[in-house]
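Topology and contacts: notes
Next come the chains, spelled out residue by residue.
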Amino acid sequence: MKLLTAAQTRALDQATVEAQGITSLELMERAATACTLWLLDELQLAFSTEIHVLCGPGNNGGDGLAVARQLHTAGYAPQVWLLPADKHSADFLLNRQQLPQAIRCQELSARRLPMLPAGALVLDALFGTGLTRPLEGLPATIVKHLNQTEATVVAVDMPSGLLADSPQPAGSAIVRAHHTLSFELPKLAFLMPRNADFVGEWTVLPIGLDQSFIHNTDVDNYFVDAASLAGRLPRRARFSHKGTFGHALLLAGSYGKLGAAVLAARACLRGGVGLLTVRTPAVGYTVLQMSVPEAMALPDPSHDFVTELPELQPYAAVAMGPGLGQEVSSAEVLRQLLRQAGSRRALVLDADALNLLSTHRELLGKLPPDTVLTPHLKEFERLTGEPARDDYHRLEQLRAFCREHRCYCVLKGAYTALGTPHGPMYFNSTGNPGMSTGGSGDVLTGLLLALRADQRLSPLDAALLAVYAHGRAGDLAAAETGEAGLIAGDLVQFIGPALRELEG
Ligand SMILES: NC(=O)C1=CN([C@@H]2O[C@H](COP(=O)(O)OP(=O)(O)OC[C@H]3O[C@@H](n4cnc5c(N)ncnc54)[C@H](OP(=O)(O)O)[C@@H]3O)[C@@H](O)[C@H]2O)[C@H](O)CC1
Ligand SMILES: [K+]
């Protein structure tokens, strides 16, 4: 699913009007109908519900007027509030003329603001993708008033005051919506952690926009849902053999942190790897053989840490990091790994391997192409060495980092972002807060290792599938355990079902 900019969305509207031989007013009516149906289907509005529709001067406001008319036709009694403006869009004016006299319509002012009791429904149709700057003056006053009420707020297309795809000063006046209804595609702003309180739960409402225009529009950002991944995970051929699915090497664990190695190993096996060898410190030998009998154990000479890199020849993919510790000896192992891995062997670096990269920055320049890094926000900040100014700046850092180091980078969080060496960025749609639990990252590393060892998958497909399936496993697990009760081991159990859903 592509993420279009506000400007591209406007061009898409125009292309749709031309391609389908309709008027922009008819397109507005389509958008309004989609909103009205959502309100009636999802909110089960009682006819007695107090409904206030706040309308701005542009097409966002035009949507609001059309919805008010449709609700009135359906038997509801919405009140319309108009933001005073010197100029209005043509479709706003047409819908203003069509507004039935029976609908109470008042002009907003600092002295005349709607009283919004708890239980009231507010439709925020003040501003949408046409917002060009932070709100101030009366619009800001209205937004602040709205945010102080207990009413349920549904935003049309965008919560008013939020820019669709660019940063804005902290403290901007932005509607805090319970739901945001976005036409056809999500907006990049929906995926920024800082905007969560403004966007609320967001829903994409298809309104039949021109698919060929969307297909032909180049974008920098994608939203990854199941449909986006269709066909990327081929079914297993009947006569497959272990070699097809690769022999992977996992370098993980240290005294007191062997669980990370166990979780990553189990996840790798559940991810479908052909063979797995695990290198842990000697203390982990029995633990691994007992906990993960499907894996071969290759204990390090050291009792407590991984200090020696094994011969790499047998392995198609190597992952390093979970529970490793940051000993000098481990840094030497990383240095050797980067030197010996070569361009044909897939690499996955996580956790302490990333921290070692940050403390031995000269190693960053030695990453083989297509290495996959899996930092969380703090680890990423250590890698860049520069705290991000805001969510958008962090994404630009991610894009630049991946381009500079020709790597893939899974920046973990809500809507995990996958940076790629060639530029486009992919935002994941699966997962839940229950996954913020110790070991969740180890499971992702193991799953990623398995898919990178799979000779049939490109680095991009392996990373997209691993991130999606990891989150999906979390959603399936949370359905059983609840989010609070979810632990990393549960994720491992649901990797298989999550991958099965994706098999072409
Ligand atoms: N395909 C679709 O998604 C469809 C979307 N629709 C709706 O159209 C809006 C976008 O409508 P638009 O008229 O482009 O703009 P807005 O209604 O969002 O904004 C109205 C005007 O507000 C002015 N503006 C911008 N920033 C500010 C500000 N900070 N303070 C005050 N006024 C502001 C701006 O004019 P300026 O000249 O002042 O910049 C805007 O023109 C979209 O969101 C959907 O709701 C279609 O209805 C159907 C298809
Ligand atoms: K809005």
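No experiment lies behind these values; they were computed from the predicted model shown.

Quick look at the sheet that holds strand β6 (residues 179-183) now. Here we have 7 strands laid out as an open sheet, ordered β3-β2-β1-β4-β5-β6-β7, and parallel in their pairing. Single-partner strands in this sheet number two, and they are β3 (105-107) and β7 (201-205). Neighbouring strand axes in the sheet, compared pairwise and without regard to direction, differ in orientation by 20° on average. Direction of pairing for strand β5 (residues 152-156) relative to β6: parallel, over a ladder of 3 bridges. Considered in β6, the bridge of A155 is made with T180. Contacts from helix α2 (residues 24-43) reach β4 (121-125), β5, β6 and β7 within the one sheet, and its direction differs from that of β6 by about 145°.

Its domain assignment divides the chain into domain 1 (6-218) and domain 2 (229-471). The C-alpha centroid of domain 2 is placed 43 Å from the C-alpha centroid of domain 1. Counting residues at the interface gives 14 residues for domain 1, matched by 6 residues for domain 2. Between domain 1 and domain 2, a total of about 840 Å² is buried, with carbon and sulfur atoms accounting for 70% of that surface. The interface formed by domain 1 and domain 2 includes 0 salt bridges. Of the residues that constitute the side of domain 1 that touches domain 2, the class distribution is 10 nonpolar, 2 polar and 2 charged.

Feature annotation in UniProt assigns "domain: YjeF C-terminal" (unreviewed entry) to the following positions: residues 225-502. This span, residues 225-502, is 43% helix and 12% strand, and a straight line between its end C-alpha atoms measures 11 Å.

Attention now goes to the sheet that holds strand β14 (residues 372-373). Spatially, β8-β17-β16-β15-β14-β13-β12-β9-β10-β11 is the arrangement adopted by the 10 strands of the open sheet, whose pairing is mixed. The open sheet is flanked by β8 (221-224) and β11 (296-297), the only strands paired with a single partner. Sheet topology note: the strand β12 (residues 317-320)/strand β13 (residues 346-349) ladder contains 4 bridges and is parallel. Note on β13: the bridge partner recorded for M320 is L349. The sheet strands contacting helix α14 (residues 391-405) are β8, β14, β15 (408-411), β16 (417-419) and β17 (425-428), and the helix crosses β15 at an angle near 155°. Strands β9 (247-251), β10 (275-279), β12, β13, β14 and β15 of the sheet are contacted by helix α15 (residues 440-453), whose axis makes an angle of about 165° with β12.

As a further point, take the coordination of the potassium ion (ligand 2). Tetrahedral coordination by four donors sets the ideal angle at the metal to 109.5 degrees; octahedral coordination by six donors sets it to 90 or 180 degrees. The coordination sphere of the potassium ion (ligand 2) contains the protein donors N60 (OD1), D124 (O), F127 (O), V156 (O), M158 (O) and S160 (OG), at a distance range of 2.5 to 3.1 Å. Seen from the potassium ion (ligand 2), its 6 donor atoms lie at angles of 67 to 170°, and the figure they make is irregular. Written as a sequence motif, the donor arrangement for the potassium ion (ligand 2) is N-x63-D-x2-F-x28-V-x1-M-x1-S. Taken together, the positions of N60 in helix α3 (residues 59-73) and M158 in the loop between β5 and β6 put the pair 98 residues apart, joining distant regions of the chain. For N60, a relative accessible area of 10% corresponds to the buried category.

The rules we used
Residues numbered from 1 in each chain as written. Chains lettered and ligands numbered in written order. Predicted model: local features only at pLDDT ≥ 70, side-chain atom pairs only at ≥ 80, totals over all residues. Heavy atoms only, no water. Pairing = 2+ DSSP bridges. Helix = DSSP H or I, 4+ residues; strand = E, 2+ residues; numbered from the N terminus. Axes fitted to C-alpha atoms, helices over the stretch in contact; angles between N-to-C directions. Contact = heavy atoms within 4.5 Å. Domains from an automatic or database assignment. Buried area = accessible area lost by both parts, 1.4 Å probe. Salt bridge = Lys/Arg side-chain N within 4 Å of Asp/Glu carboxyl O. Nonpolar A, V, L, I, M, F, W, Y, C, P; charged D, E, K, R; others polar. UniProt positions renumbered as here; feature names shortened; annotations may be inferred. Donors = N, O, S within 2.8 Å, 3.2 Å for Na, K, Ca; no water. Tetrahedral: all angles 85-135°; square planar, octahedral: opposite > 155°, others 65-115°. Buried < 20%, exposed > 50% of the residue type's maximum accessible area, 1.4 Å probe, protein only.

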